[in-house]
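A closer look at the structure
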Amino acid sequence: MKKKTQVIVGMVGLVGSGKSAVAQGIAKSLNAWLVRGDEIRLKLRRKGQPFDQVEKIAVERTRAIGKRGWNIVIDSDLVKASTRRLFIKEARAVGARVCFVRTVADLDVMLGRMVNASYANGVDRLFHFASSSWKGKARGAVVKVRESWRRVPHHYRWTEDGGGKWVLRKLPFPLAATIDTTD
């Protein structure tokens, strides 16, 4: 009897692109564990610890869950080559197939999602309590937009075509799927 191939799915996408919603759907359909980067960050914040341990903790969780033969979905932006390599290494160590799923959306839709999110509950609380010089309302949205802005160059490039616009970058690694969550 052939053993079912174990799969580790790494999510790739800008803040507000729908990574978490798609990751949850994939995890449900694969009966997989969901390793959430923002959840790890929330736990570290509660303990007063820096975020520089997020990657290490996510890799340790992936290793432990992978050794049990479970499928895994990693809900964290794995666009950075060094981070991707760590998860590929873990997948290979347990004999799992690794694939990456990219989420994209219209930039205005992503910004709208950030502005309209509820920052009092769930993982979006991460952004509500983040440090910021902004003292007004919608602090969580301001921090989330800042984080998105910081990461735009990893996902998009600017072109002068048609008066100027952001276009998706071709990523230097294969994707199993690109899912447009605009609608």
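Right above here is the structure, for reference.
Predicted model only: the values in this text are computed from it and were never measured.

**Section: the overall build of the chain**
The helix and strand inventory of the chain stands at seven helices and seven strands. In the chain, the order of α-helices and β-strands from amino to carboxyl end is β-α-β-α-α-β-α-β-α-α-α-β-β-β. Of the contacts made within the chain by residues no fewer than 6 positions apart, 70% connect residues no fewer than 24 positions apart. A total of about 10,800 Å² of accessible surface is found on the chain, and carbon and sulfur atoms cover 55% of it. Taken as two groups, the 36 positive and 16 negative side-chain charges of the chain have centres that lie 7 Å from each other.

**A short note on unusual backbone geometry**
Of note in the backbone geometry, Asn31 takes a positive phi value of approximately 55° without being a glycine. Following the sequence through the fold, Asn31 ends up in the loop between helix H1 (19-30) and strand E2 (33-36). Among the residues examined, Asn31 registers a relative accessible area of 55% and is labelled exposed. The residue Ala138 is not glycine, and still its phi comes out positive at about 60°. Assignment of secondary structure puts Ala138 in the loop between helix H6 (125-128) and helix H7 (139-155). With a relative accessible area of 49%, Ala138 lands in the partly exposed category.

Parameters at a glance
Residues numbered from 1 in each chain as written. Predicted model: local features only at pLDDT ≥ 70, side-chain atom pairs only at ≥ 80, totals over all residues. Heavy atoms only, no water. Helix = DSSP H or I, 4+ residues; strand = E, 2+ residues; numbered from the N terminus. Contact = heavy atoms within 4.5 Å. Areas by Shrake-Rupley, 256 points an atom, 1.4 Å probe, with all protein chains shown as cover. Lys, Arg positive; Asp, Glu negative; His and termini not counted. Charge placed at Lys NZ, Arg CZ, Asp CG, Glu CD. Buried < 20%, exposed > 50% of the residue type's maximum accessible area, 1.4 Å probe, protein only.

Don't take any of this as a statement about function, it's just geometry.
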